[in-house]
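Now for the letters of each chain:
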Amino acid sequence: MEELCFRVNTPEVLYEKFDDELVAIHLETGSYHSLFGAAADAFVLLAEEATVPELAEALSQKYAAGAEQIAAALGDFIAQLQKENLIAVVETRKARGPLQIPGTETGMPFVPPSVAAYHELQGLFLLDPIHEVGEEGWPQMRQADENDKPEGV
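What this report covers is the structure whose coordinates are included nearby. Keep in mind the model is a prediction, meaning the values are calculated, not measured.

1. A look at the overall build of the protein chain
For step 1, the next point in the chain: Scanning the protein chain from terminus to terminus reveals four helices and seven strands.
For step 2, the next point in the chain: Listing every helix and strand of the protein chain by position from the N terminus yields β-β-β-β-α-β-α-α-β-β-α.
For step 3, the next point in the chain: Expressed as a percentage of its 153 residues, the buried residues of the protein chain come to 35%.
For step 4, the next point in the chain: Element-wise, carbon and sulfur atoms account for 54% of the exposed surface of the protein chain, whose accessible area totals about 9,900 Å².

Laid out in structure tokens, this is it:
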């Protein structure tokens, strides 16, 4: 049986990494999520599409744990990400080289990855129109027409 490959559920999910924390926001639900350490690194790797064994191998290069131990811990993490609709299954994989975590750190303590989900601001977030942005960006400038003439003309 072939391993499932996962990717970040874009464009519905936006994320940004700040030092050791990654914050992901699901634009359709208004939920936001916090990931630290190996969870943040795994999420960034998922942006490139990955299977659990590929994630485990890449994470084992930075963290003081074997790929088998990391792969076992990733099962619950992947399930959490799927439950929150932060990742999706890849139907057709794109070609890429081996996964690599940016940086040169090695031997970091391994803490099983998890997702902290925050749903209490969903209503407020969904009321905010800034996240409803088209290709033109935000804010939109109103186009002047021939009826818009300076006073005194």
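2. So, the nonpolar core
For step 1, the next point in the chain: In this structure, Leu 35, Phe 43, Leu 46, Phe 77, Ile 78 and Leu 81 are the most contacted members of the largest nonpolar core, which totals 34 residues.
For step 2, the next point in the chain: Contributions of two or more residues to this core are made by β1 (5-8), β3 (21-26), α1 (38-46), α2 (52-60) and α3 (67-83).
For step 3, the next point in the chain: Dropping the residues within four chain positions of it, Leu 81 is found in contact with Leu 35, Phe 43, Leu 46, Leu 86, Ile 87 and Val 115.

3. Regarding the packing of aromatic side chains
For step 1, the next point in the chain: Here the structure, examined in full by the defined rule, presents three aromatic pairs.
For step 2, the next point in the chain: With a centroid separation of 5.0 Å and an interplanar angle of 20°, the aromatic rings of Tyr 32 and Tyr 118 are classed as stacked. On the criterion of sequence distance, the pair formed by Tyr 32 in strand β4 (residues 32-36) and Tyr 118 in strand β7 (residues 116-118) is long-range, its members being 86 residues apart.
For step 3, the next point in the chain: Taking the relative accessible area as the measure of exposure, Tyr 118 reaches 31% and is therefore partly exposed.
For step 4, the next point in the chain: When the ring of Tyr 63 is compared with that of Phe 110, the centres are 6.2 Å apart and the planes differ by 70°; the resulting orientation is edge-to-face. Within this pair, whereas Tyr 63 is found in the loop between α2 and α3, its partner Phe 110 is found in the loop between β6 (87-89) and β7, the two being separated by 47 residues in sequence. Each member of the pair, Tyr 63 as well as Phe 110, carries the same accessibility label: buried.

4. A closer look at unusual backbone geometry
For step 1, the next point in the chain: That bond from Thr 10 to Pro 11 is cis: its omega, 5°, falls within 30 degrees of zero.
For step 2, the next point in the chain: Topologically, Pro 11 is positioned in the loop between β1 and β2 (13-18).
For step 3, the next point in the chain: The backbone of Glu 49 sits at a positive phi, close to 75°, despite the residue not being glycine.
For step 4, the next point in the chain: Within the secondary structure, Glu 49 is located in the loop between α1 and β5 (50-51).
For step 5, the next point in the chain: A relative accessible area of 9% means that Glu 49 is categorised as buried.

5. A closer look at the sheet that holds β7
For step 1, the next point in the chain: Here we have four strands laid out as an open sheet, ordered β2-β3-β4-β7, and antiparallel in their pairing. The open sheet has two edge strands with one neighbour each: β2 and β7. Adjacent strand axes in the sheet meet at a mean angle of 20° when their direction is disregarded.
For step 2, the next point in the chain: Sheet analysis places β2 next to β3, joined by six bridges and oriented antiparallel. By the bridge assignment for β3, Leu 14 is matched with Ile 25.

6. Brief notes about the pairing of β1
If a strand is regular, its side chains alternate between the two faces of the sheet.
For step 1, the next point in the chain: Inspection of the sheet shows β1 paired to β5 by two bridges, in the antiparallel sense. Note that in β5 the partner of Cys 5 across the bridge is Thr 51.

7. A look at the packing of α2 against α3
For step 1, the next point in the chain: Across the interface, α2 lies against α3 with an axial gap of 8 Å and an inter-helix angle of 125°. One way to sum up the angle between α2 and α3 is to call them oblique. Classified by chirality, the crossing of α3 by α2 is right-handed. Where α2 abuts α3, its residues Val 52, Leu 55, Ala 56, Glu 57, Leu 59 and Ser 60 lie against Ala 67, Ile 70, Ala 71, Leu 74 and Ile 78.
For step 2, the next point in the chain: Counted by class, the contact of α2 with α3 contains nine nonpolar, one polar and one charged residues.

Scoring rules and cut-offs
- Residues numbered from 1 in each chain as written.
- Predicted model: local features only at pLDDT ≥ 70, side-chain atom pairs only at ≥ 80, totals over all residues.
- Heavy atoms only, no water.
- Helix = DSSP H or I, 4+ residues; strand = E, 2+ residues; numbered from the N terminus.
- Buried < 20%, exposed > 50% of the residue type's maximum accessible area, 1.4 Å probe, protein only.
- Areas by Shrake-Rupley, 256 points an atom, 1.4 Å probe, with all protein chains shown as cover.
- Core = buried A, V, L, I, M, F, W, Y, C linked by side-chain atoms within 4.5 Å.
- Contact = heavy atoms within 4.5 Å.
- Phe/Tyr/Trp six-rings, centres within 6.5 Å; stacked < 30°, edge-to-face > 60°.
- Pairing = 2+ DSSP bridges.
- Axes fitted to C-alpha atoms, helices over the stretch in contact; angles between N-to-C directions.
- Parallel < 35°, antiparallel > 145°, perpendicular 65-115°, else oblique.
- Left-handed = near helix turned anticlockwise from the far one by under 90°.
- Nonpolar A, V, L, I, M, F, W, Y, C, P; charged D, E, K, R; others polar.

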